[in-house]
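# Understanding the architecture of this molecule
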Amino acid sequence: MTECARTRVAILGCTGSVGSQALDVCRKHAERLEVVALSAHRNVRALAAAAREFSVKHVCLTSGEALSIEDLPSDCNVLRGVEGLCELASLDEVDCVLVSVVGAAGLLPSIAALKAGKRLALANKEALVVGGDLLMPLAGPNQLLPVDSEHSALFQCMSAGRHDEVYAIWLTCSGGPFFGMTPQELSRVTVEQALNHPTWSMGSKITVDSATLMNKGLERIEAKHLFHCGIDDIRVLIHRQSKVHSMVEYVDGSVIAHLGASDMRIPIQFALSYPERWDTPAERIDYRTLGSLDFASPDDKAFACLRLAEEAGRAGGTAPCVLNAANEIAVAAFLSGECAFTDISATVEACLEDHEVMPVASVDQLLDIDAWARSRAREVLSRRS
């Protein structure tokens, strides 16, 4: 790619919250970014519209939905399933792969992108949670750029010192819509309440994860892999305003914090523009009018998912795979009205108790354990219904 050429981008999961905001970034910086491949799970109409708008030559649909060739640009190559995602991630005409698909489905295309030498802009935390032991050894220097707002913040704060000078990572958390509630109160919350996040606009699964604090637990495991540190070195800090996106504390007592608007387009753009910084896609904050910044400790007794993720992260090996798979099944059950909010953590805990932790050996091993954990979670939930 020549110095003046546009970065050629594949967006996996282009119709979701992160994917659609990534398209916004590509529109704003059309002179720098070229969208060449797109995928979606089942939103055929949005996928086709984006494919036409950006004149892409490759699309992938991971569900069984029908996709009319007439709705796509001429000569557009249509792929299917996870195999299609991996093919998109490996295309010769792709420089950067943004993986924003939901859940453990992001692992295989992330591996494919790294093996093909692409820059991986990773918005799918489950890929690292489940397969970080396999992913990280494949990533060259600055080849894997995190898109989570917190991990993008940490990546930038880490540039202020050496790795051996880091004392602690402060991973900020809004606390979700149920901050301060007791376990009894949490047992009665509704799906509508859980989806009413106080500061971020996200997909339903990650919004529920934010309400249970599982999202922050998964992010601790993600940070453990990304920044090569122990789980106890990553401290969760409740910050209701969501303006401090995370902080790194160094051994000399200096704390480097990343602040900014609660807008995912900023970390998305940074992952695509790195090492450059481009004009912001978001409204700027006037810090003269912001007021106070408040911090608090999380309650891992009321929000048991945070504790379970810490235990799985400390155990390592295959434990995070079970944690993630069981959580995906339980969250889906909650969203469909099949279980209570507090059944999510109870289901995850039961699956972790039934699992004998092993070192991560291969993708096939993880896929088998993922399947077992999902089946076991369904059994646990069936007894609670």
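A brief look at the structure comes next.

What counts, and where the lines are drawn
- Residues numbered from 1 in each chain as written.
- Predicted model: local features only at pLDDT ≥ 70, side-chain atom pairs only at ≥ 80, totals over all residues.
- Heavy atoms only, no water.
- Helix = DSSP H or I, 4+ residues; strand = E, 2+ residues; numbered from the N terminus.
- Buried < 20%, exposed > 50% of the residue type's maximum accessible area, 1.4 Å probe, protein only.
- Contact = heavy atoms within 4.5 Å.
- Areas by Shrake-Rupley, 256 points an atom, 1.4 Å probe, with all protein chains shown as cover.
- Lys, Arg positive; Asp, Glu negative; His and termini not counted.
- Charge placed at Lys NZ, Arg CZ, Asp CG, Glu CD.
- Pairing = 2+ DSSP bridges.
- Right-handed = clockwise from strand over helix to strand, strands pointing away.
- Axes fitted to C-alpha atoms, helices over the stretch in contact; angles between N-to-C directions.
- Parallel < 35°, antiparallel > 145°, perpendicular 65-115°, else oblique.
- Left-handed = near helix turned anticlockwise from the far one by under 90°.
- Nonpolar A, V, L, I, M, F, W, Y, C, P; charged D, E, K, R; others polar.
- Core = buried A, V, L, I, M, F, W, Y, C linked by side-chain atoms within 4.5 Å.
- Disulfide = S-S within 2.5 Å.
- Polar contact = N/O pair within 3.5 Å; in protein donor to acceptor, adjacent residues only side chain to side chain.

### A word on the overall build of the protein chain
If you tally the helices and strands in the protein chain, you get 15 helices and 11 strands. Relative to its 385 residues, the protein chain shows a buried fraction of 55%. Put simply, 65% of the contacts in the protein chain that link residues at least 6 apart link residues at least 24 apart. Per element, the accessible surface of the protein chain, about 16500 Å² overall, is 49% carbon and sulfur. Of note, the protein chain has its 35 positive side-chain charges centred 3 Å away from the centre of its 50 negative side-chain charges.

### Structural notes on the pairing of strand S11 (residues 255-259)
Across five bridges, strand S10 (residues 244-250) lies against S11 in antiparallel orientation. Paired with Val248 across the bridge in S11 is Ile256. Adjacent in sequence and paired antiparallel, S10 and S11 are bridged by four residues, among which Gly253 carries a positive phi angle near 95 degrees.

### A look at the pairing of strand S1 (residues 7-12)
Within S1, five of the six residues are buried, which leaves the element mostly enclosed by the surrounding structure. Alignment of S1 against strand S2 (residues 33-40), held across six bridges, turns out to be parallel. Opposite Leu12, over in S2, you have Ser39 as the bridge partner. Since S1 and S2 lie parallel, the crossover through helix H1 (residues 17-28) that links them has a hand, and here it is right-handed. Inspection of the sheet shows S1 paired to strand S5 (residues 96-99) by four bridges, in the parallel sense. Within S5, the position partnered with Leu12 by the bridge is Val99.

### Considerations on the sheet that holds S10
Ordered in space as S9-S8-S10-S11, the four strands form an open sheet in which the pairing is mixed. One side of each edge strand has no neighbouring strand; the edge strands of this open sheet are strand S9 (234-238) and S11. If you compare each strand with its neighbour and ignore which way they point, the axes differ by 20 degrees on average.

### A word on the packing of H1 against helix H2 (residues 44-54)
Put simply, H1 and H2 touch, their axes get as near as 12 Å, and they point 15 degrees apart. Considering the angle they form, H1 stands roughly parallel to H2. The handedness of the crossing between H1 and H2 is left-handed. Between H1, through Leu23, Cys26 and Arg27, and H2, the contact on the second element is made entirely by Ala50, Glu53 and Phe54.

### A word on helix H5 (residues 125-135)
Within H5, 10 of the 11 residues are buried, which leaves it mostly tucked inside the rest of the structure. Along H5, the positions that sit buried rather than exposed are Lys125, Glu126, Ala127, Leu128, Val129, Val130, Gly131, Gly132, Leu134 and Leu135. Contacts made by the buried residues of H5 are with helix H4 (107-115), strand S6 (119-122), helix H9 (204-212), helix H10 (214-226), helix H13 (319-335) and helix H15 (363-384).

### Details of the packing of helix H14 (residues 343-353) against H15
Viewed as axis vectors pointing N to C, H14 and H15 meet at an angle of 130 degrees, and their least axial separation amounts to 9 Å. By the angle class used here, H14 and H15 are oblique. Of the two elements, H14 crosses H15, and the hand of that crossing is right-handed. On the side of H14, the interface is formed by Asp343, Ala346, Thr347, Ala350 and Cys351, while H15 contributes Trp372, Ala373, Arg376, Ala377, Val380, Leu381 and Arg384. Partitioning the contact of H14 with H15 into residue classes produces eight nonpolar, one polar and three charged.

### Some thoughts on the sheet that holds S5
Here we have seven strands laid out as an open sheet, ordered S4-S3-S2-S1-S5-S6-S7, and parallel in their pairing. Two strands lie at the open edges of the sheet, namely strand S4 (77-80) and strand S7 (144-146), each paired on one side alone. For this sheet the average axis-to-axis angle between neighbouring strands, irrespective of direction, equals 20 degrees. Note: S2 against strand S3 (residues 58-61), four bridges, orientation parallel. Directly across from Ser39, in S3, lies its bridge partner Cys60.

### Side note on the nonpolar core
Ile11, Leu38, Val147, Phe227, Leu323 and Phe341 are the most contacted members of the largest nonpolar core, which totals 124 residues. Among the elements that line this core, the one with the most residues is H13, at 11 residues. Setting aside residues up to four positions removed in sequence, Ile11 forms contacts with Gly19, Ala22, Leu23, Cys26, Ala37, Leu38, Ser39, Leu98 and Ser100.

### Considering the state of the cysteines
As enumerated under the stated definition, the model contains zero disulfides in all. Take Cys60: it sits in no disulfide, and the sulfur closest to it among the cysteines is that of Cys86, at 9.0 Å.

### Let's talk about the side chain of Asp343
In this fold, Asp343 is placed in helix H14. At a separation of 3.0 Å, a polar atom in the side chain of Asp343 contacts the main-chain amide nitrogen of Ala340.

### A few points about the environment of Cys14
Along the polypeptide, Cys14 turns up in the loop between S1 and H1. For the pair formed by Cys14 and Glu311, sequence separation is 297 residues and the distance between their alpha carbons is 33 Å. With near-sequence residues (within four places) excluded, Cys14 lies in contact with Gly19, Ser20, Leu23, Leu38, Ser39 and Leu47.

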